[in-house]
Amino acid sequence: MIEVAKTTSFHFKSDLPKRHRPDKIQSGILHLYRSSKHPTNPKQEHCFAWIVNANGQYKTKKGSCTVYDGSSTHTHLKETMSYLERFGFSEEKAKFVPFSSKEKWIFKYPH
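Residues numbered from 1 in each chain as written. Predicted model: local features only at pLDDT ≥ 70, side-chain atom pairs only at ≥ 80, totals over all residues. Heavy atoms only, no water.

**A few points about the pairing of strand E5 (residues 94–98)**
Where burial is concerned, most of E5 is hidden: four out of the five residues are buried. Sheet topology places strand E1 (residues 27–35) next to E5; five bridges connect them, and they run antiparallel. By the bridge assignment for E5, Gly28 is matched with Pro98. (Buried < 20%, exposed > 50% of the residue type's maximum accessible area, 1.4 Å probe, protein only. Helix = DSSP H or I, 4+ residues; strand = E, 2+ residues; numbered from the N terminus. Pairing = 2+ DSSP bridges.)

**Regarding the sheet that holds E1**
Overall, antiparallel pairing links the three strands, which are arranged E2-E1-E5 in an open sheet. Bordering the open sheet on either side are strand E2 (44–52) and E5, each of which pairs with just one other strand. Strand-to-strand twist in this sheet, taken as the mean axis angle between neighbours without regard to direction, amounts to 20 degrees. Pairing analysis gives nine bridges linking E1 to E2, with the strands arranged antiparallel. Along E2, the bridge assignment pairs Leu30 with Ala49. (Axes fitted to C-alpha atoms, helices over the stretch in contact; angles between N-to-C directions.)

**With respect to the side chain of Ser101**
Tracing the sequence through the fold places Ser101 in the loop between E5 and helix H2 (102–108). Exposure remark for Ser101: the relative accessible area of 18% places this residue in the buried category. For Ser101, the side chain forms a polar contact with the main-chain nitrogen of Lys104, separated by 3.1 Å. (Polar contact = N/O pair within 3.5 Å; in protein donor to acceptor, adjacent residues only side chain to side chain.)

**Structural notes on the nonpolar core**
The biggest cluster of nonpolar side chains holds 11 residues, and these are Leu30, Leu32, Cys47, Ala49, Ile51, Leu77, Met81, Leu84, Phe89, Ala94 and Phe96. At the level of secondary structure, the elements contributing two or more residues to this core comprise E1, E2, helix H1 (75–85) and E5. The contacts of Leu32, once residues within four sequence positions are left out, are Glu45, His46, Cys47, Met81, Leu84, Phe89, Ser90, Lys93 and Ala94. In this structure, Ile29, Val97, Phe99 and Trp105 belong to the second largest nonpolar core, which totals five residues. (Core = buried A, V, L, I, M, F, W, Y, C linked by side-chain atoms within 4.5 Å. Contact = heavy atoms within 4.5 Å.)

**Let's talk about the packing of aromatic side chains**
Going through the model one piece at a time under the given rule, you end up with seven aromatic pairs. A ring pair is formed by Phe12 and Trp105, whose centres lie 5.6 Å apart and whose planes are at 40 degrees; its orientation type is tilted. A residue pair is termed long-range when its members are at least 10 positions apart, and Phe12 in the segment before E1 and Trp105 in helix H2 qualify at 93 residues. Residue classification places Trp105 among the buried positions, given a relative accessible area of 5%. Where Trp105 meets Tyr109, the ring centres are 4.6 Å apart and the plane angle is 45 degrees; that geometry is what we call tilted. (Phe/Tyr/Trp six-rings, centres within 6.5 Å; stacked < 30°, edge-to-face > 60°.)

Spelled out as structure tokens, the structure:
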């Protein structure tokens, strides 16, 4: 019989060693989640978006993700965040996981 758990967690790890991560990482996964506060059926939903050419559009601080505003070079990530915010995903619950390529991400974390 399979054990029933109240919670589980996932740990996604970059394939780039910290010493090889540049200040401006070109690509990776943007991971967001949203939670419902329904009294009898609370749930958590996750969203993943592959980001190409992020070019320093994000700033990590203790795992959080902040999208810079203003510059036209920042529109790709900013537009992705704006789109996902329409569905209840917020920047405060976003994480950016730098990764060397989409193919390697899929191989490591198949879905």
